[in-house]
Amino acid sequence: MIWTQTDYAGWGRALRASGEVARPESRADLAALSNAPAMGMRRSYGDAALNSGGRAVDMSRFDRLLGFDAETGLLEVEAGARIGDIATAFAPRGWMPAVMPGTGFATVGGCIGQDVHGKNHHNAGSFGQHVAEVTLLQNGVEATATPGSALFEATMGGLGQTGLITCATLQMKRCKGDLMLVTERRANDWDEHLALLDGSTASYTVGWIDATARGADMGRGIVEEGENGAGLMKRRRGAHRVPMDAPHFALAKPVVRAFNWAYFHRVPAHGRTLVRPLEAFFFPLDKIHDWNRLYGQRGFHQFQCVVPLGAAAALKAMLAEIAGSGLASPLAVLKRMGPGRAGYLSFPMEGYTLAIDFPNRTEARVLIKRLEAMTAEAGGRLYFAKDSLAEGAAIRAMYPDLEKWQAEVAKADPQGALATDLVRRLHLRTA
Amino acid sequence: MNSWIILGATSGMARPFIRRLAESGAQLFLAGRRMEELEALAADCRLRGAPKAEVMAFDARDPANYAALIDRFVQEEGTLNAAVFAGSMPEQAQIDATPELIEGVIADSFTGPATFLQMLVPEMETRGAGTVMGIASVAGDRGRLGNYVYGAAKAAFATYLSGLRNRAGRKGVHVITVKPGPVDTPMTQGMKMPFMTTPDAVADDLMRAIEKKRNVVYTARIWQVIMTVIRLIPEPVFKKLSI
Ligand SMILES: Cc1cc2nc3c(=O)[nH]c(=O)nc-3n(C[C@H](O)[C@H](O)[C@H](O)COP(=O)(O)OP(=O)(O)OC[C@H]3O[C@@H](n4cnc5c(N)ncnc54)[C@H](O)[C@@H]3O)c2cc1C
């Protein structure tokens, strides 16, 4: 296997690494690997998939579909397969992944490593709850894990620390086709926004929030509800790219305010229903490749927390801080989560989750620190897929099953060969 | 029904293209040397929508078995198409040390594929339809210090394709010459190269080339400009450059 000295980064491009990377494509390549942490498409914003100075295994080309049982809907895939490709291939034939994150570029291995959630978390739970089996390579030795075992729970959301995930069997969900019927409603303020999310009975529900709106408008946004459907629609293949790093005024305050105002008002006051291709509903940003370059060279951070249902007021207070700071970007999402989670380190808890991007600037980092403290006070949790700034002790305290995870990880990787920058930064395995 | 035979189907550059064909509902005949890899790819293609995906043992250096593969392929009704990804690129230094390697490079990249196509194309002409897509290389546009044997083989293949286009086009068979610049595959891993593109982007270009019936396609497209410039450099100057 060829190891290439490579400079690489998390999706936010604020945290970077340099080290040797191998990219297996075949079983023979896998057999020739040394023990090193895996990465998927590095859609995690921070350092979950980085290993500075050490080696890393890029699994994104180990991506074949291996087998499908049309009776049971069980799909066996290699870990580098992208969730969006799976959806595109299967939806026309009546099946789709039960849970999909907001980017179709995420690999199956990455979806497991973070136990990701989708717009249907309130009724479908997390990704790992639909995994029937995973195959791991633990220091060259193959192991399988199935639901109910400690190894399985340590692997779902386990940040790749229990071994290299080579293959997984996913329980797919029946669907009608590759279209989505999407209803968009305006929420004029925070209370209306929460009420729409609480009252939604749709299969897929998510709120876009205008994090620049203040005063009486604070919390306003668009609540999107989606149902799957079948039909015919012209689709375009191909994508746009951002050819270079944008100058840092590209997302300056007036630009964002204007954008958000227009984005809000594009939906008529009485709402509307439209038909969209499946990919456009689930992966709205994927049409613009490398959109992370819009934040310029310095990159950006995403803050995502979840707080218990009873702590909605705390979340509102966070939004007030954000709106007051003038630092928010247009990408801000509010969602009601259900209790579903599959692993010891899974992010979800029943409550409300807020995700929002900030440019990587001193004021933004200070604000994020403040939001993190507010999350802790509210009994909430931060997401390893997004984090790049948290304090180890604070974030570890948000994961009550951390010790169970540590015990399994110690067995699976006694040498600590799979530790990543995130694991070291937050002392996840050692504290 | 649309059927494609792919020579060198396990090549890193080919995988996303083959998947696009599978999604488009084409029948696939995947030919190459690594059978286990071919089987896995065929299963992948069936799951992505190919009504049929069969594997074939193909070694460019063993023309004796070409006829059997072609006999099997032409049993399919409808439009027949062929894509050639086969080829090999040992380091120039290796070739300098062992000049006999040249024969293999020429066989993998030129004489093998050309012989195969020469045997297949008459049947395509009889049916009056189909596409031949041959992967040549920007390396064939000018003999450069770093890989001139590989470049020579690809230049020969490109010239062959040009002639084949001229001939088969008269009978409804369209021939596309593809000249990729560096593509991020295992073949180029570890090399620092400018304007590197990805197999996914190449696949997009190839699908467009088939749809638009293009004759010669550079991918990434910038290489058309670069190679035009490089071809214009006068030989007395060029021979002193190490580009
Ligand atoms: C635009 C956008 C929208 C997003 N929306 C959502 C969302 O709605 N919900 C959500 O939950 N997340 C969301 N995310 C986050 C994203 O889904 C996760 O970060 C996911 O893990 C990315 O997958 P990846 O393949 O890029 O994995 P990476 O980021 O490369 O890796 C993630 C983790 O998994 C491990 N890992 C990856 N592959 C393997 C393997 N084969 N074996 C062992 N370990 C492995 C890595 O070591 C790392 O710890 C979003 C991200 C973006 C950029």
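Residues numbered from 1 in each chain as written. Chains lettered and ligands numbered in written order. Predicted model: local features only at pLDDT ≥ 70, side-chain atom pairs only at ≥ 80, totals over all residues.

**Here we look at the overall build of chain A**
And then number 1: Within chain A one finds 13 helices and 20 strands.
And then number 2: Over its C-alpha trace chain A gives a radius of gyration of 21 Å, about what one expects of a compact globule, namely 22 Å for 431 residues.
And then number 3: Over its C-alpha atoms, taken along the principal directions, chain A stretches across nearly 60 × 50 × 45 Å.
And then number 4: In chain A, which comprises 431 residues, the share counted as buried stands at 53%.
And then number 5: Excluding contacts between residues fewer than 6 apart, the proportion of contacts in chain A whose partners are at least 24 apart in sequence is 76%. (Helix = DSSP H or I, 4+ residues; strand = E, 2+ residues; numbered from the N terminus. Rg over C-alpha atoms; globule rule 2.2 N^0.38 Å. Buried ≥ 20, exposed ≤ 12 C-beta atoms within 10 Å, placed from the backbone. Contact = placed C-beta atoms within 7 Å.)

**Brief notes about the site of the ligand**
All names here are of chain A.
And then number 1: Among the 33 residues in the neighbourhood of the ligand, the closest are listed as G40, G102, G109, G110 and G113.
And then number 2: Elements supplying a minimum of two residues to the shell around the ligand: strand 3 (38-39), helix 3 (108-113) and strand 10 (164-174).
And then number 3: Sort the elements by how many residues they give to the shell around the ligand and helix 3 lands first, with 4 residues.
And then number 4: In the shell around the ligand, the residues fall into 18 nonpolar, 13 polar and 2 charged. (Near = placed C-beta within 6 Å. Nonpolar A, V, L, I, M, F, W, Y, C, P; charged D, E, K, R; others polar.)

**What to know about unusual backbone geometry**
And then number 1: Here the bond from T219(B) into A220(B) is cis, since omega is -5 degrees, no more than 30 degrees from zero.
And then number 2: Mapped onto the fold, A220(B) is located in the loop between strand 7 (216-219) and helix 8 (222-232).
And then number 3: Its identity as a non-glycine residue notwithstanding, N139(A) has a phi of 50 degrees, on the positive side.
And then number 4: With respect to the helices and strands, N139(A) occurs in the loop between strand 8 (131-138) and strand 9 (141-145).
And then number 5: Classification of N139(A) as partly exposed rests on a count of 14 C-beta atoms within 10 Å.

**Remarks on the sheet that holds strand 4 (residues 79-84) of chain B**
All names here are of chain B.
And then number 1: Spatially, the 7 strands line up as an open sheet ordered 3-2-1-4-5-6-7, and their pairing is parallel. In this open sheet, the two edge strands, each paired with only one partner strand, are strand 3 (53-57) and strand 7. Within this sheet the neighbouring strands show an average axis-to-axis angle of 15 degrees, counted without direction.
And then number 2: Most of the contacts of helix 6 (residues 148-168) go to strand 6 (residues 174-180), to which it runs at about 160 degrees, and overall it touches strand 5 (131-135) and strand 6. (Pairing = 2+ DSSP bridges. Axes fitted to C-alpha atoms, helices over the stretch in contact; angles between N-to-C directions.)

**Things to note about the nonpolar core**
And then number 1: V77(A), I112(A), A168(A), I356(A) and F358(A) are the most contacted members of the largest nonpolar core, which totals 130 residues.
And then number 2: In this view, F358(A) contacts F300(A), H301(A), F303(A), L327(A), A328(A), S329(A), A364(A), L367(A) and I368(A); residues no more than four positions away in its chain are not counted.
And then number 3: Counting 72 residues, the second-largest nonpolar core is a separate cluster that includes A26(B), L117(B), A158(B) and A203(B). (Core = buried A, V, L, I, M, F, W, Y, C linked by C-beta atoms within 7 Å.)

**Re the sheet that holds strand 2 (residues 16-22) of chain A**
Residues and elements named next belong to chain A.
And then number 1: Pairing in this open sheet of 4 strands is mixed, and the strands run 1-2-4-3 from one edge to the other. In this open sheet, the two edge strands, each paired with only one partner strand, are strand 1 (4-9) and strand 3.
And then number 2: Where strand 2 meets strand 4 (residues 55-58), 3 bridges bridge the pair, whose relative direction is parallel. Bridge pairing in strand 4 places V21 opposite A56.

**Digging into the pairing of strand 4 of chain B**
Residues and elements named next belong to chain B.
And then number 1: Among the 6 residues of strand 4, 5 are classified as buried, and the element is accordingly described as predominantly covered.
And then number 2: Here strand 1 (residues 2-7) pairs with strand 4 via 6 bridges, running parallel. Within strand 4, the residue paired with S3 across the bridge is L80.
And then number 3: Sheet topology places strand 4 next to strand 5; 3 bridges connect them, and they run parallel. Within strand 5, the position partnered with V84 by the bridge is G134.

**As for the environment of T10(B)**
Residue and element names in this part refer to chain B.
And then number 1: Its place among the elements puts T10 in the loop between strand 1 and helix 1 (14-23).
And then number 2: The spacing of T10 and I106 is 96 residues in sequence and 19 Å in space, taken between C-alpha atoms.
And then number 3: Discounting residues that sit within four places of it in the chain, T10 has contacts with G32, R34, E37, L38 and L41.

**A short note on the interface of chain B and chain A**
And then number 1: In this assembly, 14 residues from chain B lie in contact with 13 residues from chain A.
And then number 2: Top contributing element to the side of chain B that touches chain A by residue count: helix 2 (residues 35-47) of chain B, with 6 residues.
And then number 3: Split by residue class, the side of chain B that touches chain A holds 5 nonpolar, 4 polar and 5 charged.

**Brief notes about the packing of helix 1 of chain B against helix 7 (residues 199-212) of chain B**
Residues and elements named next belong to chain B.
And then number 1: Where helix 1 contacts helix 7, the two axes come as close as 7 Å, and the packing angle between them is 45 degrees. On the basis of their axis angle, the class for helix 1 and helix 7 is oblique. The way helix 1 lies across helix 7 gives a crossing that is right-handed. Taken together, the residues of helix 7 that come into contact with helix 1 (itself represented by R15, P16, F17 and R20) are P199, D200, V202, A203, L206 and M207.
And then number 2: Taken together, the residues that form the contact of helix 1 with helix 7 break down as 7 nonpolar, no polar and 3 charged. (Parallel < 35°, antiparallel > 145°, perpendicular 65-115°, else oblique. Left-handed = near helix turned anticlockwise from the far one by under 90°.)

**Quick look at the UniProt feature "domain: FAD-binding PCMH-type" (unreviewed entry) in chain A**
And then number 1: According to UniProt, the "domain: FAD-binding PCMH-type" (unreviewed entry) feature falls on residues 13-175 of chain A.
And then number 2: Along residues 13-175 of chain A, the helical share is 18% and the strand share 31%, with 36 Å between the first and last C-alpha atoms. (UniProt positions renumbered as here; feature names shortened; annotations may be inferred.)

**Some remarks on the environment of Q161(A)**
Residue and element names in this part refer to chain A.
And then number 1: With respect to the helices and strands, the residue Q161 is situated in the loop between helix 5 (150-155) and strand 10.
And then number 2: Expressed as a C-alpha distance, the spacing of Q161 and E408, which sit 247 residues apart in the sequence, is 9.3 Å.
And then number 3: Residues in contact with Q161, not counting those within four places in the same chain, are V409, D413, L418, V423 and R429.

**Some remarks on the packing of helix 5 (residues 101-127) of chain B against helix 6 of chain B**
All names here are of chain B.
And then number 1: Contact geometry for helix 5 and helix 6: axes closest at 8 Å, N-to-C directions at 10 degrees. Comparing the axis directions of helix 5 and helix 6 gives the class roughly parallel. Listed contacts from helix 6 to I102, V105, I106, S109, F110, P113, A114, L117, V121 and E125 of helix 5 are V149, Y150, A153, K154, A156, F157, Y160, L164 and A168.

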